[in-house]
Amino acid sequence: MSIILDQLTKRYQGLPVVNDVSLSVAEGEFFVLLGPSGSGKSTLLRAIAGLTGIDHGRISLHGRDVTHVPARRREVGFVFQNYALFGHMTVADNIEFALRVRRVRGAARRERRQELLRMVALEGMDDRLPSQLSGGQQQRVAVARALAHRPKVLLLDEPFGALDARIREELRTTIRKVQQELGITTILVTHDQEEAFALADRIGVMNQGRLLDSGRPDELYARPASRFVATFLGAANLLLARRTADGIDFGHVLVERRRTPRDPEVVTVVRPQDIELAPSRERLTSRFVGQGTVESVVYTGAFERLRVRPLEGSSLARISTGGNGGAGSLLEVVRTENEQSSFPLALDQAVVVGVRRAHVLPTPLTSFTLYVADAGAADALRAHPLLEDLVNRMKTRLTAMTDAEADAAAAAGGVVARGVAVIAAGADAPARIARLLDRGATEVLVLPAFRQVPQRVLIHWTDEAARRATLAVAASVLRHVPAEALCINILPAGTPEKQRDQSMFSLLDARSEGQAVHRLDVRTELRFGETATELARELAAPGSQMLILGVSDPGEVERRFGGLLGAALAHPAIVACPPSKIVPRTGHGA
Amino acid sequence: MAPDRARREPRTSAPRARQPSLLPGFGLTVGFTAFFLSAVVLLPLGALVLKALGMHWHAFWAVLLDPRAVASYRLTFGASLCAATINAFFGFIVAWSLVRYEFPGRRLIDALIDLPFALPTAVSGIALTAVLAENGWIGGWLAHYGIKVAYTPLGVVVALTLIGMPFMVRTVQPALGEVERDLEDAAETLGASRFQILRRIILPSVLPAVLTGFTLAFARAIGEYGSVIFISGNLPMHTEITPLLIVVKLEQFEYASAAALGFAMLVISFVMLFAINAVQAWGRRRFVAARR
């Protein structure tokens, strides 16, 4: 491995800008870090170069631990977005700079310079000043300069950001060519997914300081693991559906079959080209999903881009809301020329919608449902900043159900719990959590009146059966909240030595599982004492926190955590309970 | 091909007599500038030259080459050069720390820099004398080591340094602020040490500003009078500066001699400032246009 990052964290004013990032880049690989602005990707790159210090973690380049090595001795080449050429030096002096400070002899310097200028196709420009070159030429000089001292790693920070589209493409080709010619391990930072696809051997997607996923471009596109990756890498429709024994149920297909509350809700990714539009259900070749009207049509030559508004009452209303300025509740559709000619479409035309292919995301937090006494309480909960952040960033649905409605639905044997149940904190919270878990909810979010977005997330599960579910919930939350994560395992005081080791192993297992399954890095700690007391102590630490508590028996909530989750709860908490262990008491289950 | 086109372009637009300018009022502002410059700078200077040249040739030279006058030139220009050089060095450091570091009291120090601008120079002279005289705090301590500051040329340099400091700091500060951190980062990733970055990247970038600050501090020091007369002791041949000599001549009603000395200062100052400006212009050209 050429570049290895291990649990890198960089905080800025207490908030993590790079949050527990672990990554390895192979020798000669072209790795592209992709993310929106402010996602921490540039900070991460600067940390690798040694231009920014880190608060936690290790960096190793070619088997050498460089965590505490200053930038000038890391042997990396760095290319800046604004070129950062030395304005008072000629092109030749700029390129030779690294050799000059290494006291390389004049003839050798000249030779290397000529070689580099040839490589970036700028022969004969030696005596120009940077101000006499075009933007594209300046960036070529910057690349040549960064390679002069034969670094083992090339780091490029949005190198094409300041260039126009044509030059950008040209320079992209040059950089790819140079990279392959030298076989140099390269990390490029960009916010442009097209650029990432064009250049990368592997892409890493960053958001809010976390590296959400990494993999080959085609893999990430076809099988994204999270909502963010799905929507950031190309256009995507996020549709809520149910996973049933017969497959993915978008609502209408298996309408005759009695659905049960146990069919878990899932988030599916449907690419615009995987949606089929037809005049009637009979003409549809793929699965019928619902009806809608054409809201806008943009013809782009080879393709036609459409937005389809789902009909009120159709199951397509379950498309995730939020996102791009309200357009999120519209279906994005792309049709090829063939499809256009076989079924021409005009504005406001009614269509039926089919889905050819849907990818199911593994995330357990699909949508949110508020369970409240009345509508007023719902509005108060809705405005909680944590819930707002989660709903907006997950681009998902938020609905409300009053207690009376929920009771009626439960009595009728219908669906009660959809997605994450959300309740207000209070003395009755533990009892309500237990009831919701009984009725089929797998996660309950408890929001206290204290309104702050957490900086730290505490993760704890009462027994190993709940581990997988708890980690999945934690990973999903942490993808959308820029907080640090801490997994704690609590043993009774006076636990024998042998059992302590076991607990430690289980924590380490959890860490590996988090990394392998969710690409989530967490820190782990072992505590001794009574579980609820220890958790309360951790939550009392300064700063805003959040608790993610995994249980395998809903009864435990009241029995063991009644005090913790009751009126005294000052921080948001999610109680997760894996569905397999739930013994239905209400008698209308599967 | 490209330079050709550039040269042709202004020619085609030249025949148009009144080209609408982006900024209106060109004639008005230039006229005002010429008037203002004449009334405030050129007229008084012209009067000075006329007055000096009204003297007899021999008398004129006699006044200029009088040993006491020559000694005063040496002290004035020598001490001013020394002070400006000291300021170039320490002013750069002060500007550097103000621009680059965030520390408690930074804003206070930043405000204090301007104090010599606002303080009547006589006040700073009295203050310096009080501190540096042999019975003062620092003067007493230095006297232990046999160093005398007050009433020596060294005292003159100290006073002129104090007066010139803000000019240096205020010109270098913005220039330092403009040096992009990316340039330093780039140099660092290329293997340069802190010293190499300072010498090869930062100093060349701020050199024009340092030269400007040097010029300003130097020019200010030559004209300085108030702060020096207290600390120098005004010993003829030893610690007497030319402006003081001129005042002495005026007090003796030797107006022509005073004008002659003033004329001499004018010429020397002009030559030196011209030289510094030439260096600056050369530096700028090197910065902007292609070398070789």
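From a predicted model like this one, the values you see are computed outputs, not experimental measurements. (Residues numbered from 1 in each chain as written. Chains lettered and ligands numbered in written order. Predicted model: local features only at pLDDT ≥ 70, side-chain atom pairs only at ≥ 80, totals over all residues.)

Another point: the overall build of chain A. Each helix and strand in chain A was counted, giving 17 helices and 28 strands. Computed over its C-alpha atoms, the radius of gyration of chain A comes to 27 Å, within 12% of the 25 Å expected for a compact globule of 590 residues. Along the first, second and third principal axes, the C-alpha atoms of chain A reach 90 × 75 × 40 Å. Taken over 590 residues, chain A has a buried fraction of 47%. Put simply, of all contacts in chain A between residues at least 6 apart along the chain, 73% involve residues at least 24 apart. (Helix = DSSP H or I, 4+ residues; strand = E, 2+ residues; numbered from the N terminus. Rg over C-alpha atoms; globule rule 2.2 N^0.38 Å. Buried ≥ 20, exposed ≤ 12 C-beta atoms within 10 Å, placed from the backbone. Contact = placed C-beta atoms within 7 Å.)

Turning to the overall build of chain B, a few remarks are in order. Scanning chain B from N- to C-terminus turns up 14 helices and zero strands. Secondary structure elements in chain B, listed N-terminal to C-terminal, are α-α-α-α-α-α-α-α-α-α-α-α-α-α. Among the 292 residues that make up chain B, the fraction classed as buried is 31%. Relative to all contacts within chain B whose residues are 6 or more apart in sequence, the contacts with residues 24 or more apart total 78%.

Further remarks concern unusual backbone geometry. Residues and elements named next belong to chain A. Even without a glycine there, the phi angle at D20 is positive, about 50°. What makes D20 buried here is the crowd of 23 C-beta atoms within 10 Å. In this structure, E75 takes a positive phi of about 55° despite not being glycine. The topology assignment puts E75 in the loop between β5 (64-65) and β6 (76-79).

A few words now on helix α2 (residues 91-101) of chain A. Every buried residue of α2 of chain A is accounted for by V91, N94, I95, E96, F97, A98 and L99 of chain A. Tucked into the core, α2 of chain A has its buried residues touching α3 (106-119) and α4 (135-147) of chain A together with α10 (181-189) of chain B. Directly beyond the C-terminal end of α2 of chain A, a positive phi value near 55° is found at R103 of chain A.

Turning to the interface of chain A and chain B, a few remarks are in order. On the chain B side, the residues contacting the 23 residues of chain A number 20 residues. Looking at the side of chain A that touches chain B, the elements that each hand over two or more residues are β6 and α2 of chain A.

Attention now moves to α3 of chain A. Here α3 of chain A contains 14 residues, and its C-alpha end-to-end distance of 20 Å stays within 8% of the 20 Å for a straight helix at 1.5 Å per residue. Downstream of α3 of chain A by a residue or two, A121 of chain A has a phi angle that is positive, lying close to 55°. (Expected span 1.5 Å × (residues − 1).)

Further remarks concern the sheet that holds strand β8 (residues 185-190) of chain A. All names here are of chain A. Taken in spatial order, the six strands of this open sheet run β6-β7-β8-β3-β9-β10, and their pairing is mixed. In this open sheet, the two edge strands, each paired with only one partner strand, are β6 and β10 (210-215). Strand-to-strand, the axes of this sheet are offset by a mean angle of 15°, without reference to chain direction. Pairing between β6 and strand β7 (residues 153-157): four bridges, direction parallel. By the bridge assignment for β7, V79 is matched with L156. (Pairing = 2+ DSSP bridges. Axes fitted to C-alpha atoms, helices over the stretch in contact; angles between N-to-C directions.)

Further remarks concern the domain arrangement of chain A. When the domains of chain A are assigned, the result is domain 1 (3-230), domain 2 (234-360) and domain 3 (368-581). Taken together, the six residues of domain 1 of chain A in the interface contact six residues of domain 2 of chain A. (Domains from an automatic or database assignment.)

In helix packing, the relevant descriptors are the interaxial angle and the interaxial distance, both defined with respect to the helix axes. Residues and elements named next belong to chain A. One can describe the packing of helix α14 (residues 467-478) onto helix α15 (residues 497-518) by two numbers: an axis separation of 10 Å at closest approach and a directional angle of 55°. With respect to α15, the axis of α14 lies oblique. For α14 against α15, the interelement crossing comes out right-handed. Between α14 and α15, the contacting residues are R467, L471, A472 and A475 on the first element and A510, E513, G514 and H518 on the second. Of the residues contributing to the contact of α14 with α15, the split by class is four nonpolar, two polar and two charged. (Parallel < 35°, antiparallel > 145°, perpendicular 65-115°, else oblique. Left-handed = near helix turned anticlockwise from the far one by under 90°. Nonpolar A, V, L, I, M, F, W, Y, C, P; charged D, E, K, R; others polar.)

The next thing to look at is the confidence of the model for chain B. All names here are of chain B. Looking at chain B, the pLDDT average stands at 83 and 89% of residues meet or exceed 70. Averaged pLDDT values over the elements of chain B bottom out at 43 in helix α1 (residues 2-13) and peak at 92 in α10. With pLDDT under 50 throughout, residues 1-16 is counted as low confidence; its partners more than four residues away or in other chains account for one contact. Across the interfaces of the predicted complex, the ipTM metric reaches 0.77, alongside a pTM of 0.80. (pLDDT = per-residue confidence, 0-100.)

All names here are of chain A. Looking at the element boundaries, M401 is found in strand β21 (residues 398-402). The exposure class assigned to M401 is partly exposed, which follows from the 19 C-beta atoms found within 10 Å. Discounting residues that sit within four places of it in the chain, M401 has contacts with T369, L370, Y371 and A406.

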